[in-house]
Amino acid sequence: MVITICIGSSCHLKGSREIVQTLERLISLHKLDDKVELNGSFCIGQCVKGVCVKLEETVYSLSPDNIEAFFNEEVLGRLTE
């Protein structure tokens, strides 16, 4: 599973660094290093929506406040299916 986080200017200002750190922590906590790959990308093209996070082909607009819920629902949810 590949998760791509926008680290462009707009997303950086909205908390992309904190999102990357949280995802790294959660991936390690759940021992998913061999199943989840984190990538960074400059501008995914939806700057006004928040920090853009792409999971496979779906783009989500996230914030540091909702990244754990995203991880639990989308990442863990897909891995346990």
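Residues numbered from 1 in each chain as written. Predicted model: local features only at pLDDT ≥ 70, side-chain atom pairs only at ≥ 80, totals over all residues. Heavy atoms only, no water.

Student: Now, about helix α3 (residues 67–79): what can you tell me, with residues and values included?
Tutor: For α3, spanning 13 residues, the distance from its first C-alpha to its last is 17 Å, which sits close to the expected 18 Å at 1.5 Å a residue. Those residues of α3 that sit buried are Ile67, Phe70, Phe71, Val75, Leu76 and Gly77. Buried positions along α3 lie against β1 (2–6), α2 (16–29), β3 (51–55) and β4 (58–62). (Helix = DSSP H or I, 4+ residues; strand = E, 2+ residues; numbered from the N terminus. Expected span 1.5 Å × (residues − 1). Buried < 20%, exposed > 50% of the residue type's maximum accessible area, 1.4 Å probe, protein only. Contact = heavy atoms within 4.5 Å.)

Student: Explain the pattern of salt bridges to me, and be specific about the residues and the numbers.
Tutor: The final tally for this structure, using the stated rule, is four salt bridges. Residue glutamate 68 pairs with arginine 25 through a salt bridge whose shortest N-O separation is 2.9 Å. Of this pair, glutamate 68 sits in helix α3 while arginine 25 sits in helix α2, and the two are 43 residues apart along the sequence. Ionic pairing is found between arginine 78 and glutamate 74, a salt bridge with its closest N-O pair at 3.3 Å. Here arginine 78 and its partner glutamate 74 are both found in helix α3, four residues apart, which amounts to about one turn of the helix. You can call arginine 78 partly exposed: its relative accessible area is 26%. Using a relative accessible area of 23% as the deciding quantity, one classes glutamate 74 as partly exposed. Within this structure, Glu56, Glu74 and Arg78 form a network of salt bridges that share partners. (Salt bridge = Lys/Arg side-chain N within 4 Å of Asp/Glu carboxyl O.)

Student: Explain the packing of aromatic side chains to me, using residue names and the numbers behind them.
Tutor: Any two aromatic rings considered together are summarised by their centre-to-centre distance and by the angle between their planes. Enumeration according to the criterion identifies one aromatic pair in this entry. A ring pair is formed by tyrosine 60 and phenylalanine 70, whose centres lie 5.0 Å apart and whose planes are at 65 degrees; its orientation type is edge-to-face. Taken together, the residues tyrosine 60 in strand β4 and phenylalanine 70 in helix α3 connect sequence positions 10 residues apart. One exposure class covers both tyrosine 60 and phenylalanine 70, and it is buried. (Phe/Tyr/Trp six-rings, centres within 6.5 Å; stacked < 30°, edge-to-face > 60°.)

Student: Could you give an account of the sheet that holds strand β2 (residues 37–41), with specific residues and numbers?
Tutor: Read from one edge of the open sheet, four strands run β2-β1-β3-β4, paired in mixed fashion. The sheet is open, and its two edges are formed by β2 and β4, each paired on a single side. Strand after strand, the sheet turns through a mean of 25 degrees between neighbouring axes, direction not considered. As paired strands, β3 and β4 are joined by five bridges and run antiparallel to one another. The residue bridging lysine 54 from the neighbouring strand is valine 59, located in β4. Set on the sheet, α2 makes contact with β1, β2, β3 and β4; between it and β1 the angle comes to about 160 degrees. Against the sheet, α3 touches β1, β3 and β4, its axis set at about 155 degrees to β4. (Pairing = 2+ DSSP bridges. Axes fitted to C-alpha atoms, helices over the stretch in contact; angles between N-to-C directions.)

Geometry only, nothing functional implied.
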